[in-house]
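# What the coordinates show
Here is how the chains run, residue by residue.
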Amino acid sequence: MKEIVVLSGKGGTGKSSLSAALATLASKIIVADCDVDAANLHIVLHPENYREEVYVSGQKAVIDYDKCTDCGTCMDYCRFDAIRLENGKYLISETACDGCQLCERVCPAKAINMVEHDKSRWYAGDITNGKMIHARLAPGEDNSGKLVNIVREQAREAANEIGAELILIDGPPGIGCPAISSMTGADEVVLVTEPTQSGMHDLKRIVELAGQFRIHSSVVINKYDLNTRISDELEKWCQYMKIPVIGKIPFDRSIVDAMVNCQSIIDWAPDSDISNEIKLIWNKLICHETTRSI
Amino acid sequence: MKIAIASGKGGTGKTLVSTNLFQIVRKAGKPVILIDCDSEEPNDQQFINGNLIDEQLVTQNIPVIDTDKCTYCGKCQEYCHYNAILVLPEIKHIQVVEDLCHDCGACLYACQYGAITEKEKMIGAITKFEVDERSSLYESRIEVGVYSSVPLIREAIKDAGNGHFAILDAPPGTSCPFIATVEQADYVVLVTEPTPFGLNDLKLSVETLQELKKPFGVVINRAGLGNNAVQEYLAENKIQLLAEIPFDRKIAASYSEGVLITDSLDEYRELFVQLYKTLEKKAS
Ligand code: SF4
Ligand code: SF4
């Protein structure tokens, strides 16, 4: 089983559109949408969910005012500034509470209880050429790294179930914990970038991260014609870093048109230049030797 | 007046709006501060030149175990909600996993043998640039592998909004760093794209802001590129459309070179002047 993860460092590089297109090209595939903060792939791949599960992201402290004696001990101990005094009443801010449980332990009146945060979900669904695992982290909830791990675990299970050889992971933006969770143990990282100063800057940070995990990476330059000078610079830098550039996709309105029609570009315009370019990228990706020997 | 510029996902034009708005306010001779709270990927500095005036390191506490006093009772491990302490009494081993520690202080409270003290660990930095006498840029940057940027963001915003217009470039998404930023703002500008992805992300942000009871409006970037679903959604839900920035290759080209469009493209200066006026009215 091979796990390919698509990452971008910053958002807006067209990562999800490319992931959707690649996913459409496989004969049998498991797609794992690990951008759990702002999942989008389901809009294009239309999974028919057969499973919905609650994800408990953590706990939050709640005060039982029948027992509270207004002593303020909890506020003294809280390091997250989550407890404040308002009109003689101690209030816990749900968004600032980190769930550390210390206030529950220090309260002499045993007036604080921890309640589970259970608004987040993960889903498993059927798509035309396989299965898709995706998730939705509720606003203000943390621990997206843990949810990413669940999505990946479920993806592996689904792959075993239907005998799929390939898992395509659409990773989250950034270089934080969820990005790390989505790439640990993967076989191949595809970095989608765009020719802007900030794209270049973010690419360097994500390459550094992938390097730390010793995962083979390759780069796709999206919208490369929006600034060919920076595209050239990007390519030179990749060459210097010995990272193969496996594709250069021009800016094309049809990518947006496809998205507006809730389809991947491969389904929307199968014989367009852009789809052909993506097919080439796909071939380089699944045939390991080509990417390795560049 | 503190205005947060936010979006459900990065790359929708949050930086474009923040930096150009900053430039317009600055050029109007008003005191203004731009705080880049997107500490995982701060980008504003690539568009704005200033003189470095200060770098402030931000730290968190990390427990330190005095093994002479430790009895390996395991109470700190039991109290640590984040599995950041590992105690193996059989072999008299205790270890703090620094990357997992959330600086909650529970272990310090737990230990009855006075075996725990704390040290400081750097989690990030706030770099301050002076752009002119009346305006400055603060950039927050988190170290790789730190569990949360919230303490760093709070520190960066701390002295914003005292007698000047403050623009907070918020981290993308709807998780804790986003909330830590918008919670401090008087008004939030959501930047989105007119596509199904943009609309999907916008809805998540709107839901979150409504829960937080924060007033907000929307800027559509790359207008004309996708469809009208975002406009329809805004009208249906009575959400104010603050501005529409058209899709224009010239904007993309200017942006890619790190040049502000209010400097390079006359036609967009007026758009940002109007946006600033609208936002100023929100303050009064
Ligand atoms: S401060 Fe809190 S999170 Fe850190 S080790 Fe102690 S109990 Fe664990
Ligand atoms: S609570 Fe104190 S004595 Fe007990 S294991 Fe922890 S550090 Fe050692």
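Rules used throughout
- Residues numbered from 1 in each chain as written.
- Chains lettered and ligands numbered in written order.
- Predicted model: local features only at pLDDT ≥ 70, side-chain atom pairs only at ≥ 80, totals over all residues.
- Heavy atoms only, no water.
- Helix = DSSP H or I, 4+ residues; strand = E, 2+ residues; numbered from the N terminus.
- Contact = heavy atoms within 4.5 Å.
- Areas by Shrake-Rupley, 256 points an atom, 1.4 Å probe, with all protein chains shown as cover.
- Near = heavy atom within 4 Å.
- Nonpolar A, V, L, I, M, F, W, Y, C, P; charged D, E, K, R; others polar.
- Buried area = accessible area lost by both parts, 1.4 Å probe.
- Salt bridge = Lys/Arg side-chain N within 4 Å of Asp/Glu carboxyl O.
- Expected span 1.5 Å × (residues − 1).
- Buried < 20%, exposed > 50% of the residue type's maximum accessible area, 1.4 Å probe, protein only.
- Pairing = 2+ DSSP bridges.
- Domains from an automatic or database assignment.

Going by what an unreviewed UniProt entry lists, chain B is known as ATP-binding protein and is assigned to Gaoshiqia sediminis.

Identification of chain A as P-loop NTPase from Gaoshiqia sediminis is taken from an unreviewed UniProt entry.

Along its length, chain A carries twelve helices and 13 strands. Dimensions of chain A along its principal axes, counting C-alpha atoms only, are 70 × 40 × 35 Å. Sequence separation of 24 or more characterises 77% of the internal contacts of chain A that already satisfy a separation of 6 or more. Accessible surface, chain A: about 12100 Å² in total, of which carbon and sulfur atoms supply 47%.

In the vicinity of ligand 1, the contacting residues are B:Pro63, B:Cys80, B:Tyr82, B:Ala84, B:Ile85, B:Cys101, B:His102, B:Asp103, B:Cys104, B:Gly105, B:Ala106 and B:Cys107. Broken down by class, the residue content of the shell around ligand 1 amounts to nine nonpolar, two polar and one charged.

This paragraph deals with the interface of chain B and chain A. Taken together, the 53 residues of chain B in the interface contact 56 residues of chain A. Between chain B and chain A, roughly 4900 Å² of surface is buried when both sides are summed, and carbon and sulfur atoms account for 52% of that area. Summed over the three residues of chain B that lose the most area to chain A, namely B:Glu41, B:Tyr109 and B:Phe197, the buried surface amounts to 14% of that side. Remark: the boundary between chain B and chain A carries six salt bridges. Between B:Glu207 and A:Arg136 there is a salt bridge, with the nearest N and O atoms lying 3.2 Å from each other.

We now examine helix 1 (residues 14-27) of chain B. All names here are of chain B. With 14 residues, helix 1 extends 20 Å between its outermost C-alpha atoms, agreeing within 8% with the 20 Å of an ideal straight helix rising 1.5 Å per residue. Counting buried residues along helix 1, twelve of its 14 residues qualify, which places the element largely inside the surrounding structure. Considered for burial, the residues of helix 1 that qualify are Lys14, Thr15, Leu16, Val17, Ser18, Thr19, Asn20, Leu21, Phe22, Gln23, Ile24 and Val25. The positive-phi residue at the C-terminal boundary of helix 1 is glycine 29, with phi of around 80 degrees.

This brings us to the site of ligand 2. If you check the shell around ligand 2, you find B:Cys70, B:Thr71, B:Tyr72, B:Cys73, B:Gly74, B:Lys75, B:Cys76, B:Ile94, B:Cys111, B:Tyr113, B:Ala115 and B:Ile116 and nothing else. In terms of residue class, the shell around ligand 2 is made up of nine nonpolar, two polar and one charged.

It is worth spelling out the pairing of strand 8 (residues 120-127) of chain A at this point. Residue and element names in this part refer to chain A. In terms of burial, strand 8 is a largely internal element, six of the eight residues being buried. The pairing of strand 3 (residues 48-55) with strand 8 spans seven bridges and is classified as antiparallel. Bridge pairing in strand 8 places glutamate 53 opposite tryptophan 122. Bridging between strand 8 and strand 9 (residues 130-136) involves seven bridges; their strand directions are antiparallel. Note that in strand 9 the partner of arginine 121 across the bridge is arginine 136. Hairpin connection from strand 8 to strand 9: two residues lie between these consecutive antiparallel strands.

This part takes up the pairing of strand 8 (residues 165-169) of chain B. All names here are of chain B. Most of strand 8 is tucked away: five of the five residues are buried. The side-chain alternation of strand 8 yields two buried faces, one formed by Phe165, Ile167 and Asp169 and the other by Ala166 and Leu168. The pairing of strand 2 (residues 32-36) with strand 8 spans five bridges and is classified as parallel. Residue pairing for strand 8: isoleucine 35 is matched across the bridge by leucine 168.

With that out of the way, let us pick up the domain arrangement of chain B. Taken domain by domain, chain B consists of domain 1 (2-57 + 132-283) and domain 2 (67-114). Taking only C-alpha atoms into account, the centre of domain 1 of chain B sits 42 Å from that of domain 2 of chain B.

Residue and element names in this part refer to chain A. Once the domains are mapped, chain A shows domain 1 (2-56 + 119-290) and domain 2 (58-117). Distance between the C-alpha centres of domain 1 and domain 2: 41 Å. Contact residues are listed per partner, giving five residues for domain 1 and five residues for domain 2. Carbon and sulfur atoms make up 40% of the surface buried where domain 1 meets domain 2, a total of about 450 Å² over both sides. Considering only the surface of domain 1 that becomes buried against domain 2, Val56, Lys119 and Glu141 emerge as the three largest contributors, covering 75% of it. Taken together, the connections running from domain 1 to domain 2 amount to one salt bridge. As a salt-bridge pair, glutamate 94 and lysine 119 come within 3.9 Å of each other at their nearest N and O atoms. A per-class count over the side of domain 1 that touches domain 2 returns two nonpolar, one polar and two charged.

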